[in-house]
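A structural walkthrough
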Amino acid sequence: MKILVIGSGGREHALVWKLAQSPHVTELWCAPGNAGIAEERLRNGRKVVCVDFAADDLPSLLGCAQINKTDLTVVGPDNPLALGIVDLFQANGLKIWGVNQKAAQFESSKVFSQKFMEKYGIPTASAGTFSEAGPAKAFCATLGGKCVVKADGLALGKGVLICNNQAEAEKAVDEIMVTKAFGAAGTRVVIQEFLEGIEVSLHALCDGKTAKIFPTSQDHKRALDGDLGLNTGGMGTYSPTPFLTDAQLAEVAKKILDPFMRGCVAEGIDYRGILYPGVMLTKNGPKILEFNARFGDPETQVYLTRLENDLVELLDASASGTLAKHELKWKSEASVCVIMASGGYPGNYPKGKPILGLAEATKLPHTKVFHAGTALKDGQIVTNGGRVLGVTALGKDLRAAQAAAYAAVETIQFEGAHFRRDIAAKAL
Ligand code: AMP
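These numbers come from a predicted model, not from an experiment.

**Considerations on the overall build of the protein**
Helix and strand counts for the protein stand at 13 helices and 23 strands. In terms of overall dimensions, the protein is globule-like: its C-alpha atoms have a radius of gyration of 21 Å, near the 22 Å expected for 428 residues. On the principal axes, the C-alpha backbone points of the protein span a range of 60 × 45 × 45 Å. Here the contacts in the protein between residues at least 6 apart in sequence split such that 67% fall between residues at least 24 apart.

Now the structure itself:
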């Protein structure tokens, strides 16, 4: 099969790396890819080819798939999904994996998701949705000001403001709805009660009828150790988490996935792709904070290092509606991914810093360095983004995986590199 992967981050490197292991793949392109993706090879010895089209340049991506006669396109990021890349490719008779535009609304509109959860009895925070600032602020007051104000639309992961009191809540509403800090994404807001508990990431692969749950994982969103500092795209992950047993996970999956799939059928939403709910384990049971409609980053890095199945077969089954025939198989080993970021991230950061020690890290057993923001410049791999590398290792348990991941991190240097030293520590 000829496959095109869309995206350029650590998630896409993990997808490419896993797809490249499949005997089904004869050629693989990635648009636009990164320096690590360009080094991957298929089982037949061919190199993965990076093509310089942006992930949201839908006409060029369609042209690329048509010219190369690809058999399957795999979409990594949320933006092209929300723009309708799946609908466009299907209308042109091309097979593509990912959710269509209607299904992408679960991520692209928090108002849509919140209303869906309430309609179909999916456990979530008590919440209100508003298109005017006055009533929004009055609702915050009913929650004592301790609430979470969320811009409806996609806001590069920044449109969620956590408030401790009414003054902060009113400021948040003004920022989103009046000053329009997140542009049109802030035309409407969802305001949720603030939930306390342990946050975990769930993933399920769906084919329109069937949903297959993955093991648990946990992300580390804050920039600094001890969950301090600014929110980021994710500074590290591990899988599995000890906070849910397999039996509890199965129960949570039932409470979420059964009504979710039923609701999709009732609403005429053909959900084929990944459903990735953010879940708070509260003392009153699990509650959904939000839905994402694609693989998490860096969750993908720990999931795909643990996955035993052929990923081409699974994604093909998800796109074709034949997932019921497949059983997901996972390595018993734990996986830990530590993100190495550019100095200054998630604020401003420099680019073009040479990365040293990658060859040494690659020689370490059970370790894979996934590239996120990297580029090749004059034969040298350099930094090219906020999150630079996802250093990922397997181990017989979380402690061993954590030690192996950090041993690999120690071999890698670039100017200003920063990473958390406590990834997976909560679980140990
Ligand atoms: P979201 O993009 O909606 O998942 O929100 C981003 C982050 O904000 C989540 O990962 C949580 O850490 C936090 N968050 C969102 N909603 C709530 C809530 N209702 N209560 C507590 N924390 C929340």
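**Describing the site of the ligand**
Neighbouring the ligand are 13 residues; Lys150, Glu193, Leu195, Glu199 and Glu290 lie closest to it. Contact between the ligand and Gln192: a nitrogen atom at 3.0 Å from a side-chain N or O atom of the residue. Between an oxygen atom of the ligand and a side-chain N or O atom of Glu199, the distance comes to 2.4 Å. Here the ligand has 470 Å² of accessible area as a free molecule, and 87% of this is covered by the chains.

**As for empty space enclosed by the protein**
Inspection of every chain in the model, using the stated rule, returns 3 cavities of 30 Å³ or more. Here the largest cavity is characterised by a volume of approximately 70 Å³. Looking at the largest cavity, the residues that line it are Phe106, Glu107, Lys110, Ser113, Gln114, Met117, Lys150, Val190, Gln192, Leu289, Glu290 and Phe291. Looking at the lining of the largest cavity, the elements that each hand over two or more residues are helix H5 (101-108), helix H6 (110-119), strand E9 (189-193) and strand E18 (285-292). With 4 residues, the top contributor of residues to the lining of the largest cavity is H6. Its boundaries defined by the atoms lining it, the second largest cavity holds a volume of some 40 Å³. Looking at the second largest cavity, the residues that line it are Leu205, Phe214, Phe295, Leu304, Leu307, Leu311, Leu314 and Leu315.

**Comments concerning the sheet that holds strand E6 (residues 127-130)**
Pairing is antiparallel across the open sheet formed by 4 strands, whose spatial order is E6-E9-E7-E8. A single partner strand is all that each edge strand has here, and the edge strands are E6 and strand E8 (160-163). Each neighbouring strand pair of the sheet contributes to a mean axis angle of 20 degrees, computed without reference to strand direction.

**A few points about the pairing of strand E20 (residues 367-371)**
Counting buried positions along E20 gives 5 out of 5 residues, so the element sits mostly inside the fold. Residues Thr367, Val369 and His371 point to one face of E20 and Lys368 and Phe370 to the other, with burial holding for every one of them. Direction of pairing for E20 relative to strand E23 (residues 387-395): antiparallel, over a ladder of 5 bridges. Considered in E23, the bridge of His371 is made with Leu389.

**Side note on the layout of surface pockets**
It is a probe the size of a water molecule, rolled over the atoms, that shows where empty space is left. Volume-wise, the second largest pocket comes out at about 370 Å³. Lining the second largest pocket we find 19 residues, and of these Glu40, Thr362, Thr367, Lys368 and Val369 sit closest to its centre. For the lining of the second largest pocket, the secondary structure elements donating two or more residues are helix H1 (10-20), helix H12 (358-363), E20 and E23. Of the residues forming the lining of the second largest pocket, the biggest block, 4 residues, is contributed by E20.

The rules behind these values
- Residues numbered from 1 in each chain as written.
- Predicted model: local features only at pLDDT ≥ 70, side-chain atom pairs only at ≥ 80, totals over all residues.
- Heavy atoms only, no water.
- Helix = DSSP H or I, 4+ residues; strand = E, 2+ residues; numbered from the N terminus.
- Rg over C-alpha atoms; globule rule 2.2 N^0.38 Å.
- Contact = heavy atoms within 4.5 Å.
- Near = heavy atom within 4 Å.
- Polar contact = N/O pair within 3.5 Å; in protein donor to acceptor, adjacent residues only side chain to side chain.
- Areas by Shrake-Rupley, 256 points an atom, 1.4 Å probe, with all protein chains shown as cover.
- 1 Å grid on protein atoms, 1.4 Å probe; cavity = no way out; pocket = protein on both sides within 12 Å on 5 of 7 lines; lining within 4 Å.
- Points joined across faces, edges and corners; volume = space filled by probe spheres on them.
- Pairing = 2+ DSSP bridges.
- Axes fitted to C-alpha atoms, helices over the stretch in contact; angles between N-to-C directions.
- Buried < 20%, exposed > 50% of the residue type's maximum accessible area, 1.4 Å probe, protein only.

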